[in-house]
Each structure stands twice: as C-alpha cells, then as structure tokens.
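What the coordinates show
Below, each chain spelled out in residue letters.
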Amino acid sequence: PGGCPALCECSEPAKTVKCVNRNLTEVPPDLPPYVRILFITGNPLTHLPASAFPAQRLPELASLNLSGNHLRAVEAGGLALPALRQLDLSGNALVSFSPQAFGEGGSPLEELALRGALRDHGVLLSLAALLQSGALRNLSRLELADNGLLLLPAGMFTSLPALRQLDLSNNSLVGLRNVSFQGLGQLQSLNLSNNSLGVLWNSTLAQFRSLPSLRHIVLGHNTWVCDCAIEDLVAWLKESDQVEGKEALTCASPDKMLGKTLLKINSSDLNCSVPIDLPSQLQTSYVFLGIVLALIGAIFLLVLYLNRKGIKKWMHNIRDACRDHMEGYHYRYEINADPRLTNLSSNSDV
C-alpha cells in the first residue's frame, strides 16, 4: 500500500499517478490508494471490466484521463468510482459502452470528454440511454466533438439539469429538430461550429430564447442554405445577443447567395413571395403525369394479353347468358301474342 506500479510515475504529495505510453494492456492492479489524479494514456488498453478500478481501493480518485488508448468496451461498473469528478475518454474507438458503466446508484461526475470516441452508432445510443437515465445528473461539461455525428437521439440531454457547457463542434450535424434543450436551465455555452447545418428552425430558436443562462452560442463554419426557410434564423440573429461572431456567418448556397453575410440578408434578397418558374414546374408535372399514365396503360394491355384466353371464355359465357335471357323474353312474347297459347299456358299452370 502506498507503492507505485512499476511502469508508472507517482507523486504522493501531488496525489498523481502517470502511466503514459507504457504499453499497458490492463489497468495496473496496484495503484496507490492516495491517488486523486490518474493518467493512463497512449496504451494498447482495450477494455475496462467491472474490476478495473476497485472503488474500495481508490476512494479519492477524482480525475481520470484514459484518452488516446485503444479502448473498445466499457463494461458495467467499469467506472464506478465514488469520488470521480472528471473523465476523459477522448481518442478511443469505443464499440460498447454499458449504460451501467458508472454503477447502479449514479455518479458524481461533473466533466465528461468523448472527443472522437463515438464513431460507432451503437455507442451513441448507449450514451444517450446513460444520460437519459439520470445517472449523470451532476454533469456540468459534456464534450462530444469530432465524432462525425449526423443526428442526435431524441431527448438525449433532457436529464442533465446541471449542464453548463455542451460542445458539439466538428461533427456532421444536419439538423437539430429532434433535439430538445428544454430542462437545461443552467446551460451557458453551446458550440455548434464546423457542422453541416443548413438552417435552424423556429422551434429550435424558441428553445434558445427560453434558456436564461445561454449567452455563448457558436455557429461558425456551417453550410447555411439562404432560401426562404432561413428567414427566421436571420431575424433571430439580428435581434439576439447570444451568438458569438455572428457577423462572420455567410451563405453556402444557392450560388447567387454564396458568401453573403447572413446579417445583411433582406426579404427582397430571398424573393419568397414570387413563384419560381411556375410554367416550367407545370410543364414538368404534365410530362411526369403523361409518363405515369402511359406506364399504367402498358401494364393494363400486358395484363389483358396474358389473360386473353380467360377473357375470351368469360366473354363467351356472357354472350351465352345474354342469348338465353333474350330467348326467354322472345318465348314469352310469342305466348302473349297468341290467345290460344295463352289459354294453353294458363291451363298448364292450373
């Protein structure tokens, strides 16, 4: 007890242990119990089992840096540390992340960094389940940058009432319509830069307005589409003081608006009230309708051809039925026309 693992560097006065680039394939089992700050980085460490960090042996461990390893799996209980406040898992290729990784009773964790660690969609869903469970209600800083994210699971952030900083930069986010920021009353900073956002809809802007502490929103380097749908975003930018560097936001498309500053866009630039090439649209619609009708006609003729024998038999049956029916009418007409046949028919009925 109190010793230092052979491949690590320890400082008892600073309560720090560093196991950096030591070719470790598992967490050293003999970590000193005094450690509060632990670095295990740059190692071929692939998974964290439930016994990786025994809580009873590491009661003071508050800051854990596991970045730059080869971590693929974090099992249930693998991070169940009673004093853990800061965790960095950046630069790993996670494939499996148990929603019970921090134990059953929740965690005091305040800062979580997952930069470049969520390339697998299944891991993203597991993380969303973990966040929604309320196990990390004390989380104040969440970093999800550099993960290539296209869309975020609905309700992912609804159980994080203490969250103050959210970093979603350097992803490929194309929209935020399914993302709810309600309940993030403490949120102060939101980084959405370097994504693929084309527009922010009024429902999202209304959420931004409703967050009293949100004063730093970063939207730079997105692919803003400057058509009629961007009117609400432009109006919000002009009246809001929440967006940092909003003067530098420019249009990425269409070509006629390329490079134009969003704050300088007027309604006249967008021509939202003028139909765009209506005759051409109608002509295209008529051509498409003609193609569809021609296709339906060809299918109908093909069906008739394939069933020609059955149709012919059906037509003969109808003809015979009609002929029998007409002969019956003709017979009754002849009876009614001849009084003798009428009397004979009456006697026969009696």
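Our subject is the structure that appears above.
The structure reproduced in this document is the subject of the present report. (Residues numbered from 1 in each chain as written. Predicted model: local features only at pLDDT ≥ 70, side-chain atom pairs only at ≥ 80, totals over all residues. Heavy atoms only, no water.)

Here we look at the overall build of the protein chain
The condition that has to hold: Runs of E in the DSSP output that reach at least two residues are strands. Runs of H or I that reach at least four are helices, and both are numbered from the N terminus. The classification of residues rests on relative accessible area computed with a 1.4 Å probe and restricted to protein chains. Under 20% of the type maximum is buried, over 50% is exposed, and intermediate values are partly exposed. Whether two residues touch is decided by their heavy atoms; if any such pair falls within 4.5 Å, the residues are in contact. For accessible areas, the Shrake-Rupley method is used with a probe of radius 1.4 Å. Any residue's cover is judged against the shown protein chains and nothing else.
In terms of regular secondary structure, the protein chain is built from 7 helices and 16 strands. The proportion of buried residues among the 350 residues of the protein chain is 37%. Considering only contacts within the protein chain whose residues lie at least 6 apart along the sequence, 58% involve residues at least 24 apart. Surface summary for the protein chain: the accessible area is close to 19300 Å², and the carbon and sulfur share equals 56%.

A look at the state of the cysteines
The following threshold applies: For this text, the term disulfide refers to a pair of cysteine sulfurs within 2.5 Å.
Within this structure, the stated rule accounts for 3 disulfides. The disulfide bridge from Cys 8 ends at Cys 19, spanning 2.0 Å between sulfur atoms. Here the disulfide of Cys 8 and Cys 19 is right-handed, its torsion about the S-S bond being about 105°. Separated by 11 residues along the polypeptide, Cys 8 in the segment before β1 (9–11) and Cys 19 in strand β2 (residues 16–20) bring together distant segments of the chain. Classification of Cys 8 by relative accessible area gives buried; the value is 10%. Bridging Cys 226 to Cys 251, the disulfide has an S-S length of 1.9 Å. Between Cys 226 and Cys 251 the sulfur-sulfur dihedral comes to about -95°; the bridge is accordingly left-handed. Pair noted here: Cys 226 is in the loop between β14 (224–225) and α3 (231–239) and Cys 251 is in strand β16 (residues 251–253), with a separation of 25 residues, a long-range link. Each member of the pair Cys 226 and Cys 251 is classed as buried.

Here we look at the layout of surface pockets
Note the following rule: Method remark: on a 1 Å grid restricted to protein atoms, a set of points is classed as a cavity if a 1.4 Å probe fits but cannot get out and as a pocket if it is open with protein on both sides within 12 Å along at least five of seven lines; lining residues have an atom within 4 Å of a point. Grid points are joined across faces, edges and corners, and a volume is the space filled by probe spheres set on the points. Three classes are used: nonpolar for Ala, Val, Leu, Ile, Met, Phe, Trp, Tyr, Cys and Pro, charged for Asp, Glu, Lys and Arg, and polar for all others, with Gly counted as polar.
In this structure, the largest pocket spans a volume of roughly 190 Å³. Along the walls of the largest pocket sit 15 residues, with Val 27, Pro 28, Pro 29, Ser 51 and Ala 52 positioned nearest its centre. Of the residues in the lining of the largest pocket, the class split is 10 nonpolar, 3 polar and 2 charged.

Considering the sheet that holds strand β5 (residues 63–65)
Put simply, the rule reads: Two strands qualify as a pair provided that DSSP identifies no fewer than 2 bridges between them.
Strand order in this open sheet of 11 strands is β1-β2-β3-β5-β7-β9-β10-β11-β12-β13-β15, and the pairing throughout is mixed. Looking at the sheet topology across the chains shown, the edges are occupied by β1 and β15 (243–244). Pairing of strand β10 (residues 141–143) with strand β11 (residues 165–167) involves 3 bridges; the strand directions are parallel. Across the sheet, residue Leu 142 finds its bridge partner in β11, namely Leu 166.

Thoughts on helix α1 (residues 121–132)
Stated formally: Under the convention used throughout, the expected extent of a helix is 1.5 Å for every residue step, that is, one less than its residue count. Between N or O atoms, a polar contact is any pair within 3.5 Å; within protein, one atom must be a potential hydrogen donor and the other a potential acceptor, and residues adjacent in sequence are included only when both atoms are from side chains.
When the terminal C-alpha atoms of α1 are compared, their 17 Å separation across 12 residues agrees well with the 16 Å that a helix rising 1.5 Å per residue should span. Every buried residue of α1 is listed here: Val 123, Leu 124, Ser 126, Leu 127, Ala 128, Leu 130 and Leu 131. Against the buried residues of α1 lie β8 (96–97), β9 (111–113) and β10. You can read the cap of α1 off the contacts: a side-chain oxygen lies 2.9 Å from the backbone nitrogen of Gly 122, and it is on Asp 120.

Points about helix α2 (residues 202–210)
To keep it simple, the criterion reads: Throughout, the arc means the angular range of directions from the helix axis out to the C-beta atoms.
Every buried residue of α2 is accounted for by Thr 204, Leu 205, Gln 207 and Phe 208. Projected onto a plane normal to the axis of α2, the buried residues spread over an arc of 155° and lie on a single side. Looking at the buried positions of α2, the neighbouring elements they touch are β12 (189–191), β13 (216–218) and α3.

Overview of the pairing of β2
Here β1 runs beside β2; their pairing, made up of 3 bridges, is antiparallel. Bridge pairing in β2 links Ser 11 to Thr 16. Linking two consecutive strands that pair antiparallel, namely β1 and β2, is a turn of 4 residues; a positive phi of about 50° is found at Lys 15 within it. The pairing of β2 with strand β3 (residues 37–41) spans 5 bridges and is parallel. Its bridge partner being in β3, Lys 18 is matched across the sheet by Phe 39.

Things to note about the environment of Leu 151
Mapping Leu 151 onto the fold places it in the loop between β10 and β11. In this structure Leu 151 comes out as partly exposed when scored by relative accessible area, which is 47%. Spatially, the C-alpha atoms of Leu 151 and Leu 173 are 5.7 Å apart, while their sequence positions differ by 22 residues. Contacts of Leu 151, omitting those with residues within four sequence positions, involve Leu 124, Leu 173, Val 174 and Gly 175.

What to know about the pairing of β3
For a regular strand, side chains alternate in direction, first toward one face of the sheet and then toward the other. Looking at chain direction, β3 and β5 are connected through 3 bridges and run parallel. Pairing of Leu 38 across the sheet is with Leu 64, part of β5.

Looking at the sheet that holds β8
An order of β4-β6-β8 is seen for the 3 strands of this open sheet, with the pairing classed as parallel. Two strands bound the open sheet, and with one partner strand each, they are β4 (47–48) and β8. Here strand β6 (residues 73–74) pairs with β8 via 2 bridges, running parallel. Looking across to β8, one finds that Val 74 is bridged to Phe 97.

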